[in-house]
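Residue-level structure breakdown
Residues per chain, in single letters:
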Amino acid sequence: MTYESTEKPFVLHFPYGTDQAKIESALHRKAIELAGDYPKMSITVYGLASAVRTMDNTAVPLTDDKLKNMAFVVAEYNPAVDTAVKIRFLNRDFEQLKPQAEAGANLVRTALTAYISQNGHPPESLELLTGNYPDNYISEIPLEPATGSALVRTGFDGSGGWVYNNKGEDVSRMFYPNFIYETLHEGEPRGESDAVVPFSPYRIVMDPAAHRLQLEAGQVVLADASIGAGREGHRTPEGEYTIGTRVRSPQGKRPGVYGDAALGMGDLAIHGTSDPDSIGKDASLGCIRVGDADMAKLFQLTPRGTQVLVSRGALRDTGRATDSSSLPAFPERQRAGETAGMTVFHWLG
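Residues numbered from 1 in each chain as written. Predicted model: local features only at pLDDT ≥ 70, side-chain atom pairs only at ≥ 80, totals over all residues. Heavy atoms only, no water.

Section: the sheet that holds strand β7 (residues 162-164)
Read across the sheet, three strands follow the order β6-β7-β8 without closing on themselves; strand pairing throughout is mixed. The open sheet has two edge strands with one neighbour each: β6 (152-153) and β8 (175-177). Sheet topology note: the β7/β8 ladder contains three bridges and is antiparallel. If you follow W162 over to β8, its bridge partner there is P177. The strands touched by helix α3 (residues 98-119) are β7 and β8; relative to β8, the strand with the most contacts, the crossing angle is about 170 degrees. (Pairing = 2+ DSSP bridges. Helix = DSSP H or I, 4+ residues; strand = E, 2+ residues; numbered from the N terminus. Contact = heavy atoms within 4.5 Å. Axes fitted to C-alpha atoms, helices over the stretch in contact; angles between N-to-C directions.)

Re the pairing of strand β10 (residues 212-217)
Buried residues dominate β10, accounting for six of its six residues. Here strand β9 (residues 202-207) pairs with β10 via six bridges, running antiparallel. By the bridge assignment, R203 is partnered in β10 with E216. Relative to strand β11 (residues 220-230), β10 runs antiparallel, the two sharing six bridges. Within β11, the residue paired with Q214 across the bridge is D224. Linking β10 back to β11 in an antiparallel pair, the connection comprises two residues, with G218 at a positive phi of about 65 degrees. (Buried < 20%, exposed > 50% of the residue type's maximum accessible area, 1.4 Å probe, protein only.)

Concerning the sheet that holds strand β5 (residues 86-89)
With mixed pairing, five strands are arranged side by side in an open sheet as β3-β1-β2-β4-β5. A strand with exactly one partner marks an edge of an open sheet, and here the two such strands are β3 (59-61) and β5. For this sheet the average axis-to-axis angle between neighbouring strands, irrespective of direction, equals 25 degrees. Alignment of strand β4 (residues 73-77) against β5, held across four bridges, turns out to be antiparallel.

Some points on α3
The end-to-end C-alpha distance of α3, which contains 22 residues, comes to 31 Å, matching closely the 32 Å that a straight helix rising 1.5 Å per residue would cover. The positive-phi residue at the C-terminal boundary of α3 is G120, with phi of around 85 degrees. (Expected span 1.5 Å × (residues − 1).)

So, the environment of V257
Considering the arrangement of structural elements, one finds V257 in the loop between β13 (245-248) and β14 (261-265). You can call V257 buried: its relative accessible area is 16%. It is 52 Å that separates the C-alpha atoms of V257 and T63, two residues lying 194 residues apart in sequence. Setting aside residues up to four positions removed in sequence, V257 forms contacts with G252, H271, G272 and T273.

Description of the side chain of S326
If you trace the backbone, S326 turns up in the segment after β18 (307-310). Every residue in contact with S326, bar those within four places of it in the chain, is listed here: P99, Q100, A103, V220 and L222.

Concerning the nonpolar core
Grouped together as the largest cluster of nonpolar side chains are 55 residues, with contacts concentrated most on V108, L112, L129, M206, L213, I270 and I288. Beyond its immediate chain neighbours, meaning those up to four positions away, L129 contacts V108, A111, L112, Y115, P123, D135, N136, Y137 and I138. The next biggest cluster of nonpolar side chains, apart from the first, holds 22 residues, and it includes A26, V45, Y77 and F94. (Core = buried A, V, L, I, M, F, W, Y, C linked by side-chain atoms within 4.5 Å.)

If you want it as structure tokens, here you go:
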């Protein structure tokens, strides 16, 4: 015998930290109750963690499919097929995603710091950080990992994405996840301050002698790449720098001399190359060469304002590996507007 039924989806909000047994009990009761209201339908209830203070057991029809991706628990009940209410918890351990949330938040915060330094005030909107060259402080707003959303709200409600409040007392309070990652305890009050994650500005450390660079955020290595450095008579100058230019397909005196992308620091640049055999060698006129594949990744991850240290022996802990679980994720789309048109750059080369 074949049964046909139409799914009827609902959303039920739970306060952060609600005990798992209470969640299961509430979902069980609600699924059976809704099945009585909607006979011959398959009931699905998506449970969302929320900033609501009390659990009032009010289920509302699901009108936005994006909310499905934000659910941490799902209850399914089709009495025509099975008398049991099936409850599944999804991505329960949000703490595992916290390092990725921190990396995404700190990418944007590093760019915010650069914008404030240049303009004397924070931007009215984060769209001013993702403009066309030369206003591409970052390429994209990263995805907040718990919900996979890059949506930015002006206030905290715990529903996912990010919060941007340009009136915050510092960049940590200006930009942070619209989600709480710590394990919460029943009855423990939670709010906006619990969503703020620590600020660790982005930094690139490179050792010309070791032909290697690392992109760091705090103690986390986000990218690690082999480099080509300056040859005899044109040694890459050691010192501290700041990424001030981000450009794709930069034009030089010769076609392709700077590869597919570049991060400029005055006369010096970290850039791709049309000569991949020069990576791992002293072959440049002073700039730092990176293979185009590594450069594409580095470019996406490096905001304007990133501090750069060039020094022999700078990579003190050479055993540190890239923490891929902490890498920010970005919307899957082609970013236009980051080229500089016919502008010719004159970095050391």
